[in-house]
Amino acid sequence: MKVLVIGGGAREHALCRSLSLDPDVNALYCAPGNAGIAEVAELRPVDALDGEAVARLATELRADLVVVGPEAPLVAGVADAVRAVGIPVFGPSGEAAQLEGSKAFAKDVMAAAGVPTARSYVCTTPEEVDAALDAFGAPYVVKDDGLAAGKGVVVTDDRAAARAHALGCDRVVIEEFLDGPEVSLFAITDGVTVLPLQPAQDFKRALDGDAGPNTGGMGAYSPLPWAGPKLVDEVMASVLQPTVDELRHRGTPFSGLLYAGLAITSRGVRVIEFNARFGDPETQVVLARLQTPLAGVLLNSANGTLHELPPLSWREDAAVTVVIASHNYPETPRTGDPIEGLAEVAELDAPHAYVLHAGTRREGDAVVSAGGRVLSVTATGSDLAQARTRAYKAVERIKLDGSQYRTDIAAKAAEGR
Ligand code: AMP
Ligand code: GLY
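Attention here is on the structure that accompanies the text. (Residues numbered from 1 in each chain as written. Chains lettered and ligands numbered in written order. Predicted model: local features only at pLDDT ≥ 70, side-chain atom pairs only at ≥ 80, totals over all residues. Heavy atoms only, no water.)

With respect to the overall build of the protein chain
From N to C terminus, the protein chain includes 14 helices and 24 strands. For the protein chain, whose C-alpha radius of gyration is 20 Å, the value lies close to the compact-globule estimate of 22 Å for 417 residues. A sequence separation of at least 24 residues applies to 69% of the contacts in the protein chain between residues at least 6 apart. Of the accessible surface of the protein chain, which amounts to about 16500 Å², a share of 50% is contributed by carbon and sulfur atoms. Across the protein chain, 37 positive and 55 negative side-chain charges occur, with their mean positions spaced 2 Å apart. (Helix = DSSP H or I, 4+ residues; strand = E, 2+ residues; numbered from the N terminus. Rg over C-alpha atoms; globule rule 2.2 N^0.38 Å. Contact = heavy atoms within 4.5 Å. Areas by Shrake-Rupley, 256 points an atom, 1.4 Å probe, with all protein chains shown as cover. Lys, Arg positive; Asp, Glu negative; His and termini not counted. Charge placed at Lys NZ, Arg CZ, Asp CG, Glu CD.)

Some words on the nonpolar core
Core analysis: the biggest nonpolar cluster contains 77 residues, and Leu4, Val66, Leu240, Phe274 and Val320 have the highest contact counts within it. It is helix H9 (residues 231–249) that contributes the most residues to this core, 8 residues altogether. Dropping the residues within four chain positions of it, Val66 is found in contact with Leu4, Ile6, Ala58, Val82, Ile87, Pro88, Val89 and Phe90. In terms of nonpolar packing, the next biggest core, distinct from the first, is built from 40 residues, Val3, Leu195, Leu197 and Trp314 among them. (Core = buried A, V, L, I, M, F, W, Y, C linked by side-chain atoms within 4.5 Å. Buried < 20%, exposed > 50% of the residue type's maximum accessible area, 1.4 Å probe, protein only.)

Some thoughts on the pattern of salt bridges
Taken as a whole and judged by the stated rule, the model has 26 salt bridges. With a shortest N-O distance of 3.8 Å, Lys204 and Glu273 are connected by a salt bridge. On the criterion of sequence distance, the pair formed by Lys204 in the loop between strand E12 (201–202) and strand E13 (205–207) and Glu273 in strand E17 (residues 268–275) is long-range, its members being 69 residues apart. With a shortest N-O distance of 2.9 Å, Asp408 and Arg406 are connected by a salt bridge. For the pair formed by Asp408 and Arg406, the shared burial category is buried. Sharing partners across several salt bridges, the network here consists of Lys103, Asp202, Lys204 and Glu273. (Salt bridge = Lys/Arg side-chain N within 4 Å of Asp/Glu carboxyl O.)

The following block contains the structure:
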């Protein structure tokens, strides 16, 4: 099978790594990719937001499957353009990707499907904003309606800050604060059949102890020893299947990866957000544990034949991933700094720990930073404690001027807290 992956972050590196290990994949391309992906896939330049260009590239390469990684191309309809030229594509249509592209649309789908989520108001005027803030009280949760790369959400006790963020958005969702640990649960679907993956936990805040601003995600781990054994079944029944059914009944079937961001509250599971693609950095740990070869699963989603697959199989291993971000991430990340230590990790820590590149590019012989989240180190082990030790050992070998990482990824869970 010839596979073309669209995107160039750590999620796409994780996808390409798994696909490169799949015996059914005999050619693997990534467009545009990054310096790390170049080691497992052949890179092609492309404007990932240009559906016609992606469809042309897929045709030229005679791809059997196109996998669209990030949300922006999905919302822009890139999967539709590829489907239109008759090539199977893993990823939802632009219309179905509105589940991520518009928080108001997601709320409407959840209301219709009876999916539990925070109570919310969609506001477009200062009067509506004030009324919503007062209705819920602190802590205030204010979400830009549109795509914001994980940075459109402000959670704060400061009413003035909440109000200022709300007034800076064209359309804003203000909602009830949900208290409780967060879980990311991904499911692969073809619009009818839903196949859940293993749950993971993401660390969204920039600094240790969940301090600092929200980011795209600073680390993740899986499995979740503290979560009940029925969690996946419960979320399948109350969230994933009803959402997929509702979108199909609306005439906008969702195929691809449905990401449920959940809060486990004292009153039960609530959806915090949906995404229309694999999460980053959760994908790094979930795919590290997936034993079933990936390409066939993605192709069956693309072809609407997921019901033919046997259940997925998983390794007993635990996995931890730690993100290394550039100086001043998430505000104004600095780029262009050389990264050292990559060869040492490959030599000394493989196969249990490895680097997945996010924002990197090659400059002559050097690999330099090219984004806010620069790379993530992923490690596996017989339990979270071992995976964590291996991940941080590798992280310490990486030298990047001014860089930052959290030191507490999976710490509580590894100690059984
Ligand atoms: P989102 O982009 O919707 O996932 O929001 C980013 C982060 O903000 C989430 O991972 C949560 O940590 C936090 N958040 C979002 N919505 C809520 C809520 N209703 N209650 C508490 N925290 C929230
Ligand atoms: N890790 C959060 C996200 O991918 O949106």
